[in-house]
Amino acid sequence: TDPAHPGSAMQSGAAAVDSVAFSPDGATLVSGNADGTVRFWKLTKAGRLSPVDLWLTSPGGAMISVAFSPDGHTLASGSAAGAVRLWDLADPTRPARMGEPMTSAAGAVNSVAFSPDGHTLASGNADGTVRFWDVTEPARARPLGQPLTGHTEAVESVAFSPDGHTLAAGSLDDSVTLWDVADPARPGPLGQPLRGHTNDVFSVAFSPDGHTLASGGNDATVRLWDVSDPAAASALGQPLQGHTGAVPGVAFSPDGRTLASSSNDHTVRLWNLDTAIPLRGVTKAIESVAFSPDGHTLVSG
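Okay, so let's go over this structure. None of the values given here were measured: they were computed from a predicted structure.

**Quick notes on the pairing of strand E18 (residues 201–206)**
- Burial runs high along E18: six of the six residues are buried.
- Judged from the five bridges that link them, E18 and strand E19 (residues 212–217) form a sheet pairing that is antiparallel. Paired with Val204 across the bridge in E19 is Ser215.
- In this antiparallel pair of consecutive strands, E18 and E19, the connection spans five residues, and Gly210 shows a positive phi of 80°.

Right under this line is the structure:
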């Protein structure tokens, strides 16, 4: 709540925390961990996170990516072994696996994201593709359409626009691509790849109004893009500079007025136009960052 006085650290275990995500109601946080587990946390009224004695485990190595469905009843996880798995959270005290893991991707699943209507799941994969899954019935999820190709290196991050009509993908080929996914079974490219980063693109996020896209890269910068017309997207202002290490995580606050970026330089920065407030307090790279739905709490992993 007070950016100048962030809260204390919570240990998720000995392994790295690769991904964090809040439930839509803001009451629960999940962390995807390098030891192959997903851990649950409860957010108290005082803005503190309390670990819950609840873990999800699945064969396949590190849980690189996690995401809640818009209704909060389903959790998606992507693993280093290339599997996407869905978990039933209708009873949050007794999560259960739903169906078989989706394993058509080659290599790690670096990012997963639900469409705003909850009917489609996108995954960004180490083979350079983005794949879509029809999760209208999560227990019987199935591939949707053909994989999106065009990137020459791994896709590290995927994000849907708030209206669900556009998908952004950031890649190790230093670019961001935009796709028309109004019909996810028949996606199409929008304009040319967005180039500006001089090294890998690790993270992408849309602003709540859908007009701005943020990207974080291995070049230690955060870039903003005007995507009000996705087919003619363009750079918005100068790169945000201040980090001294790669930026693997970016997230907009719910009101769209603040952007958070996490970095391997051991800091989280909050950006409001040209003002940055660095938050320190960890001794290793910060891989992921997420705002609570009310915007009062920021979590970094």
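**Side note on the side chain of Asp219**
- Its place among the elements puts Asp219 in the loop between E19 and strand E20 (222–226).
- Nearest to the buried, unbridged Asp219 among oppositely charged side chains is Arg223, at 4.4 Å.
- Only 3.0 Å separates the side chain of Asp219 from the backbone nitrogen of Thr198, close enough to count as a polar contact.
- Contacts of Asp219, omitting those with residues within four sequence positions, involve His197, Thr198 and Asn199.

**Some words on the side chain of Ser292**
- By the secondary structure assignment, Ser292 is in the loop between strand E26 (289–291) and strand E27 (298–300).
- Classification of Ser292 by relative accessible area gives buried; the value is 1%.
- Of the polar contacts made by the side chain of Ser292, one reaches the side chain of Asp294; its length is 2.7 Å.
- Not counting residues within four places of it along the chain, the set of residues in contact with Ser292 comprises Phe22, Leu43, Pro254 and Thr297.

**A short note on the environment of Ser263**
- In this structure, Ser263 sits in the loop between strand E23 (259–262) and strand E24 (268–272).
- Of the residues examined, Ser263 reaches a relative accessible area of 0% and is grouped as buried.
- Between the alpha carbons of Ser263 and Ser288 there is a distance of 8.4 Å; along the sequence they are 25 residues apart.
- Once residues within four sequence positions are removed from consideration, Ser263 is found in contact with His243, Gly245, Ala246, Val247, Pro248, Ala285 and Ile286.
- Only 3.2 Å separates the side chain of Ser263 from the backbone oxygen of Gly245, close enough to count as a polar contact.

**Some words on the packing of aromatic side chains**
- Applying the stated criterion across every chain yields a total of one aromatic pair.
- Ring geometry for Phe132 versus Phe160: centroids 6.5 Å apart, planes at 50°, classification tilted. Pair noted here: Phe132 is in strand E11 (residues 130–134) and Phe160 is in strand E13 (residues 155–160), with a separation of 28 residues, a long-range link. The same class applies to Phe132 and to Phe160, which are both buried.
- Directly above the aromatic system of Trp41 lies the positively charged group of Arg39, at a separation of 4.9 Å from the ring centroid.

**Thoughts on the pattern of salt bridges**
- Evaluated as defined, the whole model comprises four salt bridges.
- Close ionic contact of Arg142 with Asp134 constitutes a salt bridge, the shortest N to O distance being 3.0 Å.
- Looking at Arg142, the relative accessible area reads 44%, which means it is partly exposed.
- For Asp134, a relative accessible area of 16% corresponds to the buried category.
- Close ionic contact of Glu137 with Arg140 constitutes a salt bridge, the shortest N to O distance being 2.4 Å.
- Taking the relative accessible area as the measure of exposure, Glu137 reaches 47% and is therefore partly exposed.

**Points about unusual backbone geometry**
- In this structure, Asp174 is a non-glycine residue whose phi angle is positive, near 75°.
- Positionally, Asp174 belongs in the loop between strand E14 (166–171) and strand E15 (175–180).
- With relative accessibility at 24%, the residue Asp174 sits in the partly exposed group.
- Positive phi, close to 75°, is recorded for His266, a residue that is not glycine.
- For His266, the position within the fold is in the loop between E23 and E24.
- According to the relative accessible area criterion, His266 is partly exposed, its value standing at 31%.

Analysis parameters
Position numbers for residues start from 1 in each chain and track the written sequence from start to end. Only residues with pLDDT of at least 70 get local features here, since the model is predicted, and only at 80 or more are side-chain atom pairs given and counted; chain-wide, interface and lining totals rely on the full set of residues. Only hydrogens and water are set aside; all other atoms, that is, all heavy atoms of the structure, feed into the side-chain values. Exposure is judged per residue with a 1.4 Å probe applied to protein chains only, and the accessible area is read against the type maximum: over 50% gives exposed, under 20% gives buried, and values in between give partly exposed. Segments assigned H or I by DSSP are reported as helices when at least four residues long, segments assigned E as strands when at least two residues long, and all are numbered from the N terminus. For two strands to pair, DSSP has to find at least two bridges joining them. For the charge count, each Lys or Arg is scored as positive and each Asp or Glu as negative, with His and the chain ends excluded. Put simply, a salt bridge is a Lys or Arg side-chain nitrogen that is within 4 Å of an Asp or Glu carboxyl oxygen. Identification of polar contacts relies on pairs of N or O atoms within 3.5 Å, with a donor-acceptor requirement for protein atoms, meaning one able to donate a hydrogen and the other able to accept it, and with residues adjacent in sequence counted only if both atoms are side-chain atoms. Every residue pair with non-hydrogen atoms within 4.5 Å of one another is taken to be in contact. By convention, a stacked pair of Phe, Tyr or Trp rings (six-membered ring in the case of Trp) has centres within 6.5 Å and planes under 30 degrees apart, an edge-to-face pair has planes over 60 apart, and any other such pair is tilted. In our convention, an over-ring charge means Lys NZ or Arg CZ found within 6 Å of a ring centre and within 35 degrees of that ring's normal.

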